[in-house]
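Here are the chains, one letter per residue:
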Amino acid sequence: MTASRIDIALTVNGVPCKGAAEPRTNLADFLRHDLALTGTHVGCEHGSCGACTIIVDGVVTRSCLMLAAQADGAAVETIEGLSQGDKLHPLQQAFWERHGLQCGFCTPGILMTLTAYLREDPSPDAETLRDVLSGNLCRCTGYQNIVTAALDAAARMREGVAA
Amino acid sequence: MKAPTFRYHRPSSRTEALKLLSAMPSARILAGGQSLLPMLNFRVAFPDDVIDINRIADLAGIEATSDAIVIGAMTRQRALEKSPLIATHLPLMAEAIAQIGHYATRGRGTIGGSLCHLDPAAELPVVALAHDATLRIENAAGAREVAMADFPAGLLTPSLAEGEMLTAIEFPVWRPGHGSAFVEFARRHGDFAIVACGVLVELSPNGTIARIAIAIGGLAPTPFRLTAAEKLLTGRQPDTTALVEAARTTQEIDPLDDPQAPASYRRRLAPAIVRRALATALERCSLGAA
Ligand code: FES
Ligand code: FES
């Protein structure tokens, strides 16, 4: 069966982008292959690992569980949009300082999950963060430093360090 | 893996969606995508057509009527989790929602998607069964209502005819002061439950059980009500003996056997989960609510 390509216009990190994809192309692959934004990682392709997590129209989203065609007209936020030039986002700074990553494969998904969550709840405790991050698999760190870094970043963001 | 090829349709109204659905009876409906997309990516689903109902605004929403809460099929699980109406009137659902998947999947996952996918261990079908919810099902010709008890037709199979779509679910509300508990056991937080139990209970002024609903997920191919236990408990003092006897009725069920857990394990787990849910719901119940 043939399926024609669908035109997709969206903004990614505030920048208008255009492309076309087959209906079956998921948003993660579209970002990586068509828009060359390879910061969004792909692990399992069925929603279990969280590596592909991004934000779509303000909602935390598994980009492997959304079709690229569905993102037509959407405002997408990915890991590439977190830092401002050379200035790291408070989450990135805290993950660096607190050793919240080792290989870094899970990190984009974790930072985007936390970015979405901290907008809803700027003062989470460690237990809440562990629950929020239960959908993001990290095979390296054991999560201790991830939680420490997230708490640290949340505190900095509350103090109004540019977010 | 990557999804197989299909045609993609994106109706912007309910009428348009139902028209497409009647023209393409084998099409799959794409709601939140948290079940359909994994099935496409695993290539266990091969639809020719996918109808995306995410842009139909009037399919989502939470409303209170005099004695029920009506929820649009496209309402996101995260919206239910944050809704004060749900917290006040459907505490069983509020507790169950927090155990569905993860924060990052509840943002897109919908109530209608969960009910229609009908995973044997999914939380929302258990809640809908406990509440005796009514499902509004539409096709291009009109609408019909189905009791949740009649909705599961078999493993992963809802009673939906070709061309039909679930559009809203009505949850009759229990009296203020009723007790509820949603207890499940999963090997990892956010996994599908091996056994899940939702309980609603009202006590009489003399402390006996006036009304009770016990719904179970994960134990059988479809979620079901533990009617034997409900009968046994109604009108009785909820002492330990009564709870143990009620929990034991799970032993009549022929349990699911799958790679997640063998039948023997589910058989041992079920009474423990049911007893825990009963005890917690009773603890939360105020006396004489009924
Ligand atoms: S790649 Fe999307 S959740 Fe694993
Ligand atoms: S840092 Fe390696 S998977 Fe998390």
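Anyway, here's the lowdown on the structure attached to this text. Along each chain, numbering runs from 1 in the same order as the chain's sequence is written. In the order they appear in the text, chains get letters beginning with A and ligands get numbers beginning with 1. Given that the model is predicted, a residue must reach a pLDDT of at least 70 before its local features are reported, and side-chain atom pairs must reach 80 or more before they are shown or counted; all residues, however, enter totals for whole chains, interfaces and linings. Hydrogens are left out, water is left out, and the side-chain values use all remaining heavy atoms of the structure.

A word on the overall build of chain B. Secondary structure summary: chain B contains 11 helices and 14 strands in total. The globule rule puts the C-alpha radius of gyration for 290 residues at 19 Å, and the 19 Å found for chain B is close to it. Principal-axis analysis of the C-alpha atoms gives chain B an extent of 60 × 45 × 30 Å. Scored against the burial criterion, the 290 residues of chain B give a buried share of 57%. Pairs of residues are marked as contacts when any of their non-hydrogen atoms sit within 4.5 Å. Long-range contacts, defined here as pairs at least 24 residues apart, represent 63% of the contacts in chain B between residues at least 6 apart. Of the accessible surface of chain B, which amounts to about 11,800 Å², a share of 53% is contributed by carbon and sulfur atoms. None of His or the chain ends enter the tally, which takes Lys and Arg as positive and Asp and Glu as negative. Charge positions come from single atoms, namely NZ of Lys, CZ of Arg, CG of Asp or CD of Glu. Charge centroids of chain B, computed over 29 positive and 29 negative side chains, lie 5 Å from each other. Secondary structure elements follow DSSP: runs of H or I of four or more residues count as helices, runs of E of two or more count as strands, with numbering from the N terminus. The quantity called the radius of gyration is restricted to C-alpha atoms. Its globule counterpart is 2.2 Å times the number of residues to the power 0.38. Under the scheme applied here, a residue whose accessible area is under 20% of the maximum for its type counts as buried, over 50% as exposed, and between as partly exposed, the area being computed with a 1.4 Å probe on protein chains only. The protein chains shown are the only cover counted for residues, whose accessible areas, like all others here, come from Shrake-Rupley with a 1.4 Å probe.

So, about the pattern of salt bridges. Here, a salt bridge means any Lys or Arg side-chain nitrogen found within 4 Å of an Asp or Glu carboxyl oxygen. Following the criterion strictly, the structure yields 25 salt bridges over all chains and no others. For E45 of chain A, the salt bridge identified is with K2 of chain B, shortest N-O distance 2.3 Å. Of the two residues, E45 of chain A sits in the loop between helix 1 (27–34) and strand 3 (53–56) while K2 of chain B sits in the segment before strand 1 (7–9), which places them in two different chains. The residue R136 of chain B makes a salt bridge to E138 of chain B at a minimum N-O spacing of 3.1 Å.

This paragraph deals with the nonpolar core. All names here are of chain B. Here, the term nonpolar core denotes a set of buried Ala, Val, Leu, Ile, Met, Phe, Trp, Tyr and Cys residues that are joined through side-chain atoms within 4.5 Å. Counting residues in hydrophobic clusters, the biggest one holds 36 residues, and the most contacted among them are I71, M93, I111, L115, M148, I169 and F171. Listed by contribution, the elements that provide at least two residues to this core are strand 5 (68–72), helix 5 (91–97), helix 7 (111–117), helix 8 (123–130), strand 6 (134–139), strand 10 (165–172), strand 12 (195–203) and strand 13 (209–217). Element by element, the count of residues in this core is highest for helix 8, at 6 residues. For the domains described, the bounds stem from an automatic or database domain assignment. Mapping this core onto the domain boundaries places at least three of its residues in each of domain 2 (65–172) and domain 3 (179–283).

This paragraph deals with the packing of aromatic side chains. Any two rings among Phe, Tyr and Trp, with Trp reduced to its six-membered ring, count as a pair given centres within 6.5 Å; such a pair is stacked if its planes are under 30 degrees apart, edge-to-face if over 60, and tilted if neither. Within this structure, the stated rule accounts for 1 aromatic pair over all chains. Residue placement shows R211 of chain B over the ring face of W174 of chain B; its charged tip is 3.7 Å from the ring centre. For a ring to carry a charge above it, either NZ of a lysine or CZ of an arginine must fall within 6 Å of the ring centroid while also lying within 35 degrees of the normal to the ring plane.

It is worth spelling out the pairing of strand 4 (residues 59–62) of chain A at this point. Residues and elements named next belong to chain A. The sheet contact formed by strand 3 and strand 4 spans 4 bridges and is antiparallel. Counterpart to T53 in the pairing with strand 4 is R62. Only strands that DSSP links by at least two bridges are regarded as paired with each other. Hairpin connection, strand 3 to strand 4: the antiparallel pair is bridged by 2 residues, and D57 has positive phi, about 50 degrees.

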